[in-house]
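Below are the chains, spelled out letter by letter.
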Amino acid sequence: IKTKMVKRRKMSDRKKVAVLGAGSFGTAMAYVAAQNNHDVVIFCRSLEQAETINKESRNPKRLKEVNLPKNIRATTSFENAVSGADLIVHCIP
């Protein structure tokens, strides 16, 4: 996935974005938010999927070929994902 940035955000503009769902759409939304310099947490149902995202910076189930930015992390805890989030992106069908 390639994106073109118009303007880099300042560190003070950085927000916590919680993405609910680790499918193709959730992964893509997390990628876009991370590329815009936000801290992103993806809520996954699968522990294996969350661990792979955190350790290898890739989603083993969807968009496997995409290297995810380091400011994306994953969790299986809904509470941890949404706690303190400035924005919640719902990507669960």
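Residues numbered from 1 in each chain as written. Predicted model: local features only at pLDDT ≥ 70, side-chain atom pairs only at ≥ 80, totals over all residues. Heavy atoms only, no water.

The number of helices and strands found in the protein chain is 3 helices and 4 strands. Scanning the protein chain from its N terminus toward the C terminus, one meets helices and strands in the order β-α-β-α-β-α-β. Within the protein chain, contacts between residues separated by at least 24 positions form 67% of all contacts whose residues are at least 6 apart in sequence. Surface accessibility of the protein chain: about 5900 Å² in total, with carbon and sulfur atoms responsible for 51%. (Helix = DSSP H or I, 4+ residues; strand = E, 2+ residues; numbered from the N terminus. Contact = heavy atoms within 4.5 Å. Areas by Shrake-Rupley, 256 points an atom, 1.4 Å probe, with all protein chains shown as cover.)

On to helix α1 (residues 24-35). Between the first and last C-alpha of α1 there are 16 Å, a value that for 12 residues agrees with the 16 Å anticipated at 1.5 Å per step. Among the residues making up α1, those that are buried are Gly26, Thr27, Ala28, Ala30, Tyr31, Ala33 and Ala34. Along its buried surface, α1 packs onto β1 (16-20), β2 (39-43) and β3 (72-75). At the exit of α1 stands Asn37, carrying a positive phi of roughly 70 degrees. (Expected span 1.5 Å × (residues − 1). Buried < 20%, exposed > 50% of the residue type's maximum accessible area, 1.4 Å probe, protein only.)

Okay, the packing of aromatic side chains next. Aromatic ring pairs are reported here in terms of the distance separating the ring centres and the angle at which the planes meet. Under the defined criterion, the tally for this structure stands at 1 aromatic pair. Relative to Phe78, the ring of Phe43 lies with its centre 5.8 Å away and its plane at 90 degrees, an arrangement referred to as edge-to-face. Of this pair, Phe43 sits in strand β2 while Phe78 sits in helix α3 (residues 78-82), placing them 35 residues apart in sequence. (Phe/Tyr/Trp six-rings, centres within 6.5 Å; stacked < 30°, edge-to-face > 60°.)

A word on the nonpolar core. Where a protein is soluble and globular, its nonpolar side chains tend to be buried together. Counting 18 residues, the largest nonpolar core has Val19, Val40, Ile42, Cys44, Ile53 and Ile72 as the members making the most contacts within it. Ranked by the residues each element gives to this core, the list is headed by α1, at 4 residues. Among residues more than four places away in sequence, those in contact with Cys44 are Ala22, Gln49, Ala50, Ile53, Ala74, Thr75 and Thr76. Counting 6 residues, the second-largest nonpolar core is a separate cluster that includes Leu20, Val41, Phe43 and Val82. (Core = buried A, V, L, I, M, F, W, Y, C linked by side-chain atoms within 4.5 Å.)

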